[in-house]
Every structure is written in structure tokens, then in C-alpha cells.
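The primary structure of each chain is shown beneath.
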Amino acid sequence: MQQTPTAQAVKQALPSFIPYNPNELLLGYQRRWVADQSPLKIAEKSRRTGITWAEASDACLTAATTKTHGGTNHFYVGSNKEMAREFIDAVAMWAKAFDKAASEIHQEVLEDEDKDILTFVVNFPSGFKVQALSSNPSNLRGMQGNVTIDEAGFHERLAEVLKAALALTMWGANVRLISTHNGVENLFNDLIQQSRAGKKRYSIHTITLDDACAEGLYQRICQVRGITWSQPDEDEWKANLLKDTATEEDALEEYYCIPKHGSGSYLSRALIEANMQPAPVIRYQGTAAFNAKAEHQRNEEIATWCETNLAPLLEALNPTNEHVFGEDFGRVCDLTVIAPMAIEQNLNRTVPFTVELQNVPYRQQEQILTYIADRLPRLRAGALDNRGNGGYIAEQAADRYGSGCIEKVDLSQRWYLENMPPFKSAFEDATLTIPKDRDILSDLQSIKVIKGIAKVPDINTSTTKGKKRHGDAAIALALAYYASKMDTLEYGYETLKATQQSDDNNDNHSGRYPGRGVL
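Worth saying up front: this structure is predicted, and the values here are computed from it rather than measured.

Per-residue confidence for the protein chain averages 87 on the pLDDT scale, and 87% of its residues sit at or above 70. Looking at the elements of the protein chain, mean pLDDT is at its lowest for helix α1 (residues 7-13), recorded as 50, and at its highest for strand β13 (residues 349-350), recorded as 98. Confidence drops under pLDDT 50 across residues 461-466; counting only partners more than four residues distant or on other chains, this segment forms 14 contacts. Predicted confidence is poor over residues 490-519, with pLDDT under 50, and the contacts of this stretch with residues over four places away or in other chains come to 50 contacts.

If you want it as C-alpha cells, here you go:
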């Protein structure tokens, strides 16, 4: 039996960007959609980007293929009769383009509980068909084949339709959901968020207007209409589409995959506090006098501080647990926060303590970070803020522990989009425990949903007058959780000896480190 490729394999097989080619029938994002043979997949899309049209090509090829080569029926469930007819017309068009024998479009009577329903059908010599059904869930009973639910966000009974469709997957059928968004409080959006959190196994494809145009949507429109394409014309066309919507919120939902009513706190106070327990938060603030000292004097002072404040906490860690860490960088105004995290036997994550540094020189930040990381039992991974001057600390960590262990993270919109849902899910599932601390609570509450993406906005989150915070602990904790999910190389492990401490703070490139083995 042919093995279905995973979504990851598909992403590796086709580039994430495919330039426009007027001789190709499908645009890049359409090709990636068709090539992804995941059993469950979702397209959250801008209006009129042609995903349904591309789906019709896949339906045509699948139904035209014999059973021994993986062929099957394909059922299309739209939200109205016009959509059904349009999809079947597209299937017939593709059959001609692919030179596949197919019957003319005809109607069949489908007996429903309340009344008989006319459905549109195209039959193929393979014995399979493409059939457009109504949105009544009962229509899928007794059927076998792939199912496409179009404009899923607008189905009044999506849960019931999906329940009926998923029953078909028991025998190897695939289910595809395609839609623009229809608000945050919608099952379609919920399925996407749960999939990004790892709770559902849908492969997610996001196609905004900009994504589609980058791979040639407007160029294809010009080609079909027989007009000359130019970038200024494309820019004006996009601007007019956005201006013509009633509100900016509508434009973002219709064309940029951002569901409406998506503002407010991402994590509630009650949810955060339910996952807190007493644990140290170690703080160090550099002074003008300290920063003016010679580097060797600062090294000695920080070494003593580490031995006094950090060594007892590190020695108390369970040596059988794997550990990771996350670090959010700050220098003068913002804080640097280091968040170690233990991965326990039951795979729950626990943050045993955090370290907050304010106005501390780069070399001493590096000194404190490596003091911690060198002594974390079974260090598995670290994720560090790579923005701005944080790139220096991240680069030094990657040099010291290896790029297979350390990830330098650029906190982009895409990173937040993909990694905040799993982070939130850990709170909801009570599988993440963090220190009980007022400032950490405020930092986590500062995460807002901005234009559909959960992130830390550029605001002061400190609860203490005169102090400046900017969600620093929230970012460090999110990075630590991200690190705990990273696939990394396996390292050997050696317990730290008391005699192995003398040169740790000055030799950052020795190639072997206390508390770590070698590859």
C-alpha cells in the first residue's frame, strides 16, 4: 500500500515560495495545497484565491484513478447550490484539461430525511465520481470517499457535517476544510488554533491576499483577462479591495486570515495563577559603579553572586530530568530573563526558578547564562531571543553548546502565530508550572491578540512604579517551552564536580563543559 506523505514531507518537497509561471496551470500555493496529501488539512484563505478551483483538480484526478492506484470518490459539501455547481463545472473543466474521460455533468436524486435533493455529479470510467452534496450531515452517511467542506466557517452545522465526514477516514478517506474566517468564536477557527497547539492533526495552509499575489494571483487575473500586468496596477487593485470593505476589521478577515473580534488578553489571570507555584525569581540590577569596573572585576563579582544565589538552586535540580532554557534579551530599559525548564518523567514542564537581569553588561549576561546552562542536568536545548543586540548572546551560546542544541529565534509574526497556541495549550492542560510572582503574572497577562496573532505588545507591563518591563518573562517562558519541543541531538551527561568551577567564567570556547558530555 502506498504510504501517505506527511505534511512536513510535502513542505520539504515543494518550496515555500514558487515564482509565477504563466505556463503553469496552478500557482505555487495551489500546488502546495494539492500536493499535501495529509488525511486532514485546512486552508484558511483570502477571498477568491482559487483554492477551491485547485481542489477541483485534485478531485478530478482522484476520481479518474483506478482503485488499485489509489482512486476513490470525492464528495463536495458547499454552503449553497451555486457553489456546488461551480465546483462540479471546475471538475469537468479539469477532466478536459487532463484529457480524462468523464461523463457530462448530470443530476442525481438523493433521498433525504425531509425531501429529495438534486445533486450534481461527474462520473469517470474508473467507477468513481465527484459529487456535490448539500450541507445536510445525513447526506454523507453510507458514502465512501474524500470529502471537501467548502466555506466551512459559514456552515451552520459544521460540527455535525465534520462528524459525518471524519467517519469516512476510518477506511482511508481524506477530509479538507476550506474557508475564509467567520469570527474568532467559530469552530473553523478553533480547529486551526487547536491544530497549531498540537491538539489536532490538521495540516494548516494560510493564504493571505499578499501570499497569493506574491506567487502570481493578480498576474494570473491579468493573463486570463488579456491585460498587461504591472506592479503599480497590482498595488492599486489590492488597495481598492481593502478600501471597498466596510471596516478595517472586515478587510483583515476577508483578505488576511485574521478572524474578527480577536483582541484582548490571551491568557486569563485565573488560568495563569492555576499553573503557578512558589519558586525563586532571582533579580540582579547593574549599577553605574559596577558597570564602570574593569571586566575582570565584574567577572569576579558576578562569579561570587552566581555561587551565592544560583549554585544552591542548580544543585537542587533533579539530575534525571532533561532540562532546557529560554532567554529574552534586554540591556538598559528592558530586562534579560533566563528561564530554565525541567522536562519531568510524565513530560510535564516545570520552571524551577527564573533570573532577571537589568542594566547588566553583555559579557556578564553571557557569564550568568553559561553558569546556569553548564549546570543544568541533561541540557537538551535552549532558545534565545536573536533580536538586536540579543544576537550576540545567542551567537555565543550557539558557539558554546552547538547549533544543534541552541536555536537563535527571531520573534517574528510567523513565530508567534505558530508557537503561542501550544504555549497557551500547556496552561489549559495544566502541564506547565511556573514561579508564583506578581511581575511574571503581569508579563503573561500582557500577551494580547493583535490582528489575529497572540504576541507581547510594546507596552510597559511592570507592576512596580519606576520599573520598566515589556513582557520579558512571558517571552522567556514561551521560548523555554518552545525549546522543550525542539528536536535536538543527544548529548552524554556528566555530573558537575565542585572542582570543575575554576575556569568556567573565563573560558567560553574550550570545547568541553562541566555538566555536559560530548557528541
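A few words now on helix α10 (residues 248-256). Of the positions making up α10, those classed as buried are Asp 250, Ala 251, Leu 252, Glu 253, Tyr 255 and Tyr 256. Contacts from the buried residues of α10 go to α7 (209-214) and α9 (231-244). Once α10 ends, the next one or two residues include Cys 257, with phi positive near 60 degrees.

With that settled, consider unusual backbone geometry. With a phi angle near 45 degrees, Glu 151 is a residue other than glycine that sits in the positive phi range. One can find Glu 151 in the loop between β6 (146-150) and α5 (158-167). Despite not being glycine, Cys 257 shows a phi value in the positive range, around 60 degrees. Among the secondary structure elements, Cys 257 is positioned in the loop between α10 and α11 (269-273). Classification of Cys 257 as buried rests on a relative accessible area of 8%.

Two elements in contact, helix α15 (residues 362-375) and helix α16 (residues 390-401), have axes separated by 10 Å at closest approach and are oriented at 40 degrees. When the axis of α15 is compared with that of α16, the two are oblique. Considering only the axes of α15 and α16, their crossing is right-handed. Residues Tyr 362, Arg 363, Gln 365, Glu 366, Leu 369, Thr 370, Ala 373 and Asp 374 of α15 form the contact with α16, whose participating residues are Tyr 392, Ile 393, Gln 396, Ala 397, Arg 400 and Tyr 401. Its residues placed into classes, the contact of α15 with α16 shows 7 nonpolar, 3 polar and 4 charged.

Thresholds, definitions, all that
- Residues numbered from 1 in each chain as written.
- Predicted model: local features only at pLDDT ≥ 70, side-chain atom pairs only at ≥ 80, totals over all residues.
- Heavy atoms only, no water.
- pLDDT = per-residue confidence, 0-100.
- Helix = DSSP H or I, 4+ residues; strand = E, 2+ residues; numbered from the N terminus.
- Contact = heavy atoms within 4.5 Å.
- Buried < 20%, exposed > 50% of the residue type's maximum accessible area, 1.4 Å probe, protein only.
- Axes fitted to C-alpha atoms, helices over the stretch in contact; angles between N-to-C directions.
- Parallel < 35°, antiparallel > 145°, perpendicular 65-115°, else oblique.
- Left-handed = near helix turned anticlockwise from the far one by under 90°.
- Nonpolar A, V, L, I, M, F, W, Y, C, P; charged D, E, K, R; others polar.

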